[in-house]
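# Observations on chain architecture
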Amino acid sequence: MATTSAQGTGPARTVLRLHPTINFARVGTSDDFYLSPETSAGLPVPGHDDLVGGLPIRRGTEAEPISSDDLRDDDGNLLRQAARFRLFAYDVPSPDRYPDGGGVEILPGSTLPDGRVVAEIVWTVHLANKKSAAFNVVPSAGLNAFANGQVPQLRNPGVYGTVDAPLRLRQLVIDPGPRAIRSGSDDLVACDRTTTPSCSDGTGAITPQPQYPTSFPQDTNSRLFQPSGPLDTLGELRTDEQGRLLVLAGRGRTAAQYDEYGDPMPLTGDLNNIGWWDDAADGPVSATVVFADGSTEEAFGAWVVCGDPAYAPQIRNVVSVWDDVYDAWVRELDLQPELCRGGEFDPTYRPSFPTQVFPVFRAAALQRWTANLPEMALRAHRAVESIGPDDDPDHTIMSGLAYVRNPNVAGELSVGVPLMPLSLGEAGTDFLAVSKSQYFFLEQWDGNHFDPGAGQALGPGEFLDMASLSNCLGGRYVPGIEVSYPVRQPDLYDTDWRTSGSGPFRVKHKPLAYATATKTAPFLTGGWIPLHGMTDGLEPGDLSKFMSIPWQTDYNSCSIHQPSINTSGTNTATGNPLTLYWSWPSQRPDAVYPATAVVNGVLPQRVWSIRGPGTLTNDPKTAATFQRALQSVQQWDRIGIILQGTAIRGGTYPPDFFLEAESRPPTEGQSVNVVAAWPFHANPSGPGD
């Protein structure tokens, strides 16, 4: 059944891998859910001429995309997104190469090429949240805060100890322990305070772990401020009708301690709030495959991240997490030597136009639906998007890449207009640039040295890896939305993939000996630290711990800023220092068009995505935000979702429109600030603002 790969020099062997290697569950307030998207945001979807990729999948279906009717339940609660994982079999030669192009999905009842019949799959997932016990986000330093053996200040410094101190781990880490579930199970296995931890024992059985030292904020706090309900779970496990694993996130809940005056701990910043927890999480996903003859085999595992909702799932980021991860593997791990070897790109390489060049053009055009671009920019972006593989680059608006910020030239990272994109950059830099691999592809295209066809095809599992990561925010990690700057570090991954059979982009799991767990001591440690030579793998909670706490305050604040926000208040950018730029417009919509206001195909005036009571302001820097941080942790679920017109019910909308649906501010349309055309500026303010 598995597709045999012709590459490599050694004999092929059958290996089992989980895909996507990294997948994303997303919080919501509803018990109901849909499934993680398996198409790539903003790009064409075969068989769907009027629908682009990035839409989640309707629950109970194989691949049917959701519509606006599926965003909320009957009570108006926002549905969660379940991360779906699949098992694939590969005939892998040694050494392996990427892309393999093969692989076939394996389900209970499938027969492997070597004749073994799959009886069932035992899935194990361990979610944890280490944010409160981890390190502060340093907006001006980012990853450099961990360089030269240093680490940033710990969050919650009032709890004594180092990052590995048992007292801190017990009081600050949310850890329900592992959970296991069988393929085809009708059960819901909760990752909560009361369900007994369990895991696969490797022989096909599920072993309870009653001695595992679970920890939740309620265990060490007699009284908590929990504005949206008890934070007593990080999610749950299910399986779909075919036995695939579904990992559901929590309900987007937060909890806070009370201060000495009996008030909830204040939300004093966007990133590092003392005394607060949220229910974001991450952790390893494992699968024990049980065969009809009673034998078993462990598949190469995956990782799941539970975080923010996708408020604009089809709007492609100019730089996605896929672009960053792929770039790191290409330049630092020789993923494809024919493209890049030893960090040097091969000038004879011909990038594929539809898969390696056009995604940048498409992403640029899609920004208009979530940011207040001026008319001149709209015309330019439409011209960029219209470029096809048959066009002579010299006769297009992109000729010479004159308006594209070069990531290889440090000085251009501080140049705003006319260089693109006009989004803020990552920690310590003013403006965003495409990855070095993306820029190389654009250079090759500009030199008329590219392949107009699709190039080497990805296998179905490899496509899932790419699609999952391409639907997430890259580039601007301050700290980011789904993941942060450490995602580009090679020692986060299994790098021996050419001989191990794991395939690339697979987070390295730290071995966890659950049988040694005891109620009297925390099981997890402070975990993996980037740039510290830690190569033994990641523990549960080690990816999400680099994110803001709670996530809602960072999402709320990251709308529009002066570039100095990334550089400790010092303006290093060219141009007017008061000019405001977008932060995360693809993943965090700012200026939107409500579908309910579109009449006869005519777009209405833009409105802010966050609006309604509590959002009115005369300060342009704080437009499109809740004016009180506490409101963001209570009303994040009322923000609307941007969908393609053909996915919005209740009207007829052009397929090239991307409109806001199901926005639920307390009073529709109340306190809507006028959205000014860009460029617009911050009010004059004091130094460092």
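Definitions and cut-offs
- Residues numbered from 1 in each chain as written.
- Predicted model: local features only at pLDDT ≥ 70, side-chain atom pairs only at ≥ 80, totals over all residues.
- Heavy atoms only, no water.
- Disulfide = S-S within 2.5 Å.
- Helix = DSSP H or I, 4+ residues; strand = E, 2+ residues; numbered from the N terminus.
- Buried < 20%, exposed > 50% of the residue type's maximum accessible area, 1.4 Å probe, protein only.
- Contact = heavy atoms within 4.5 Å.
- Phe/Tyr/Trp six-rings, centres within 6.5 Å; stacked < 30°, edge-to-face > 60°.
- UniProt positions renumbered as here; feature names shortened; annotations may be inferred.
- Salt bridge = Lys/Arg side-chain N within 4 Å of Asp/Glu carboxyl O.
- Axes fitted to C-alpha atoms, helices over the stretch in contact; angles between N-to-C directions.
- Parallel < 35°, antiparallel > 145°, perpendicular 65-115°, else oblique.
- Left-handed = near helix turned anticlockwise from the far one by under 90°.
- Nonpolar A, V, L, I, M, F, W, Y, C, P; charged D, E, K, R; others polar.
- pLDDT = per-residue confidence, 0-100.
- Pairing = 2+ DSSP bridges.

## Digging into the state of the cysteines
Applying the stated criterion across every chain, the model contains zero disulfides. Unpaired in terms of disulfides, Cys558 finds its nearest cysteine sulfur in Cys472, a separation of 16 Å.

## A word on the environment of Gly307
Inspection of the secondary structure assignment puts Gly307 in strand E19 (residues 302-307). Judged by its relative accessible area of 11%, Gly307 falls in the buried class. The sequence separation of Gly307 and Pro178 amounts to 129 residues, and the corresponding C-alpha distance is 19 Å. Beyond its immediate sequence surroundings of up to four residues, Gly307 is in contact with Ala25, Arg26 and Val27.

## A look at the packing of aromatic side chains
Aromatic ring pairs are reported here in terms of the distance separating the ring centres and the angle at which the planes meet. On inspection of all chains with the given rule, the structure shows 30 aromatic pairs. Aromatic side chains Trp369 and Phe658 sit 6.2 Å apart centroid to centroid with 50° between the ring planes, which places their arrangement in the tilted category. Of this pair, Trp369 sits in the loop between helix H3 (353-366) and helix H4 (375-385) while Phe658 is found in strand E27 (residues 658-661), placing the two residues 289 residues apart along the sequence. Residues Trp369 and Phe658 agree in their burial class; the two are buried. Following the ring pairs from residue to residue traces out a cluster consisting of Tyr98, Trp322, Tyr326, Trp329, Tyr493, Trp497 and Phe505.

## Topic: the UniProt feature "domain: L-lysine epsilon oxidase C-terminal" (unreviewed entry) in the chain
According to UniProt, the "domain: L-lysine epsilon oxidase C-terminal" (unreviewed entry) feature falls on residues 427-566. Measuring from the first to the last C-alpha atom of residues 427-566 gives 5 Å, for a span that is 24% helix and 1% strand.

## Description of the pattern of salt bridges
Inspection of every chain in the model, using the stated rule, returns 37 salt bridges. One salt bridge in this structure joins Arg58 and Glu64, with 2.1 Å as the shortest N-O distance. With its nearest N and O atoms 3.6 Å apart, the salt bridge here joins Arg251 to Glu236. With a gap of 15 residues between them, Arg251 in the loop between strand E14 (245-248) and strand E15 (254-256) and Glu236 in strand E13 (residues 233-239) connect regions that are remote in the sequence. Neither Arg251 nor Glu236 differs from the other in exposure class; each is buried. Several salt bridges share partner residues, and in doing so they unite Glu38, Glu62, Arg84, Arg86, Glu105, Asp240 and Arg244 into one network.

## Describing unusual backbone geometry
In this chain, His19 is followed by Pro20 through a cis amide linkage whose omega measures -5°. Positionally, Pro20 belongs in the loop between strand E1 (13-19) and strand E2 (22-26). Following Val417, the chain continues to Pro418 via a peptide bond in cis, the omega torsion being 10°. Mapping Pro418 onto the fold places it in the loop between H4 and helix H5 (436-446). At Leu401, a residue that is not glycine, the phi angle is positive and equals roughly 50°. Assignment of secondary structure puts Leu401 in the loop between H4 and H5. With a relative accessible area of 6%, Leu401 lands in the buried category.

## A word on the packing of H3 against H4
Axis separation between H3 and H4 bottoms out at 8 Å; the angle between their running directions is 155°. Regarding the angle of H3 to H4, the classification is roughly antiparallel. With respect to the hand of their crossing, H3 and H4 are arranged in left-handed fashion. Every residue of H4 that contacts H3 at Phe358, Phe361, Arg362, Ala364 and Ala365 is listed here: His381, Val384 and Glu385. Class assignment for the residues of the contact of H3 with H4 results in five nonpolar, one polar and two charged.

## Considerations on the confidence of the model for the chain
For the chain, per-residue confidence averages 94 on the pLDDT scale, and residues scoring 70 or more make up 97% of the total. Low pLDDT, under 50, characterises residues 1-6; the stretch is placed with 15 contacts to residues that sit more than four places away or in other chains.

## Here's the deal with the pairing of strand E5 (residues 48-52)
Pairing analysis gives two bridges linking strand E4 (residues 44-45) to E5, with the strands arranged antiparallel. Directly across from Val45, in E5, lies its bridge partner His48. Hairpin connection between E4 and E5: a loop of two residues separates the two successive antiparallel strands, and Gly47 in this loop has a positive phi of roughly 85°.

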